[in-house]
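Listed here are the chains, written in short residue letters.
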Amino acid sequence: MFDTLIIGGGASGMSCALIIGSALNKPFAEGKKVGLIVHQKTSHLQNALFNNVLGLTPGTLGEDILKIGKNQLTDLYPELTQIKNEKVCEVKNYKSYFEVVTNKKNYTAKTIVIATGYTSPFTIKGLEDYIIPHQMTKPEKDRVQLKNSLHLVKPNLYVAGSLAGWRSQFSIACGSGAQVGTDILTLWNNGEHTKVHDKRTNHI
Ligand SMILES: Cc1cc2nc3c(=O)[nH]c(=O)nc-3n(C[C@H](O)[C@H](O)[C@H](O)COP(=O)(O)OP(=O)(O)OC[C@H]3O[C@@H](n4cnc5c(N)ncnc54)[C@H](O)[C@@H]3O)c2cc1C
């Protein structure tokens, strides 16, 4: 049983995983099991070229960010399980947990984060009740989002990134994933607002 399972290995999913990964050594996260279904084939990063993102060298390719993100997670937070080469087909909601069905296996999780992008049709079964037209793109683009309030679709079910209804910009998607990450840390920390800041120790 995962405590948290993040679905989608794009901008928002990997940002959420990095924030949660960075807290796994904190006392409130002791023993927590976290996974990321790191499917990247259909990420909008695959064809993107970035000139307008703070901190990224102009000309950075989205496909490189996909590889770098996975390696960053592996190197820094190896205790976070990366599930590769699997695609989610269905989410089943039981009383106190979710069952996530992929094309290969089934997983159970107490909390899940859907970060699969705003492309239509949305193909994960079990979430039909929450799909609505995307509120921040031109209607003719036919994008979708999940109904949510501050990323929460229903208790323990979060949505992040463009699928949460945000405009499709890299930094917005990353910020949305990071926000959900800190929301989950806050839950684990008994509702005490929680963030994770690394600090340099040798500055003058
Ligand atoms: C051509 C192009 C150029 C762009 N240029 C810019 C730019 O210059 N500046 C800028 O700020 N933004 C740009 N963007 C937008 C940016 O790429 C997106 O805003 C960002 O990728 C959205 O992040 P996301 O996490 O919502 O979705 P994505 O990054 O698309 O991630 C969704 C992830 O979910 C996975 N997934 C989908 N279905 C499933 C499933 N059933 N099971 C498991 N995983 C699944 C996908 O493979 C993917 O990895 C561009 C986008 C495109 C397409």
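Up top is the structure these notes are about.
Overview of the structure. (Residues numbered from 1 in each chain as written. Predicted model: local features only at pLDDT ≥ 70, side-chain atom pairs only at ≥ 80, totals over all residues. Heavy atoms only, no water.)

This paragraph deals with helix α1 (residues 11-21). Residues spaced three or four apart along an α-helix point in a common direction, a consequence of the helix completing one turn every 3.6 residues. Counting buried positions over the 11 residues of α1 gives 10, a clear majority of the element. Among the residues of α1, Ala-11, Ser-12, Gly-13, Met-14, Ser-15, Cys-16, Ala-17, Leu-18, Ile-20 and Gly-21 are the ones counted as buried. Against the buried residues of α1 lie β1 (2-7), β2 (34-37), α2 (62-76), β8 (106-114) and α3 (170-188). (Buried < 20%, exposed > 50% of the residue type's maximum accessible area, 1.4 Å probe, protein only. Helix = DSSP H or I, 4+ residues; strand = E, 2+ residues; numbered from the N terminus. Contact = heavy atoms within 4.5 Å.)

Tallied over the full model, the rule gives three aromatic pairs. When the ring of Phe-2 is compared with that of Tyr-107, the centres are 6.2 Å apart and the planes differ by 50 degrees; the resulting orientation is tilted. Taken as a pair, Phe-2 in strand β1 and Tyr-107 in strand β8 lie far apart in primary sequence, 105 residues in all. Summarising the burial analysis for this pair, Phe-2 and Tyr-107 share the class buried. For the pair Phe-50 and Phe-170, a centre-to-centre distance of 4.9 Å together with 45 degrees between the ring planes defines the contact as tilted. One end of the pair, Phe-50, is in strand β3 (residues 49-50); the other, Phe-170, is in helix α3, and 120 residues separate them in sequence. Across the pair, exposure class does not vary: Phe-50 and Phe-170 are buried alike. The ring of Phe-2 has Lys-33 sitting right over it, with the charged end atom 4.5 Å from the ring centre. (Phe/Tyr/Trp six-rings, centres within 6.5 Å; stacked < 30°, edge-to-face > 60°. Lys NZ or Arg CZ within 6 Å of the ring centre and 35° of its normal.)

Right, let's get into the pattern of salt bridges. Going through the model one piece at a time under the given rule, you end up with two salt bridges. A salt bridge links Asp-3 to Lys-110, with the shortest nitrogen-to-oxygen separation between them at 3.3 Å. Residue Asp-3 is located in strand β1, and its partner Lys-110 is located in strand β8; the two are separated by 107 residues in the primary sequence. With a relative accessible area of 10%, Asp-3 lands in the buried category. Among the residues examined, Lys-110 registers a relative accessible area of 41% and is labelled partly exposed. (Salt bridge = Lys/Arg side-chain N within 4 Å of Asp/Glu carboxyl O.)

Here the focus is the nonpolar core. Counting 34 residues, the largest nonpolar core has Ile-6, Ile-20, Leu-36, Leu-73, Val-113, Phe-170 and Trp-188 as the members making the most contacts within it. For this core, the elements supplying multiple residues, two or more each, are α1, β2, α2 and α3. If you tally residues by element for this core, the top one is α3, at seven residues. Apart from the residues within four sequence positions on either side, Ile-6 is in contact with Gly-13, Cys-16, Ala-17, Ile-20, Val-34, Gly-35, Leu-36, Ile-37 and Val-113. With 24 residues, the next largest nonpolar core counts Phe-2, Leu-127, Val-144 and Val-159 among its residues. (Core = buried A, V, L, I, M, F, W, Y, C linked by side-chain atoms within 4.5 Å.)

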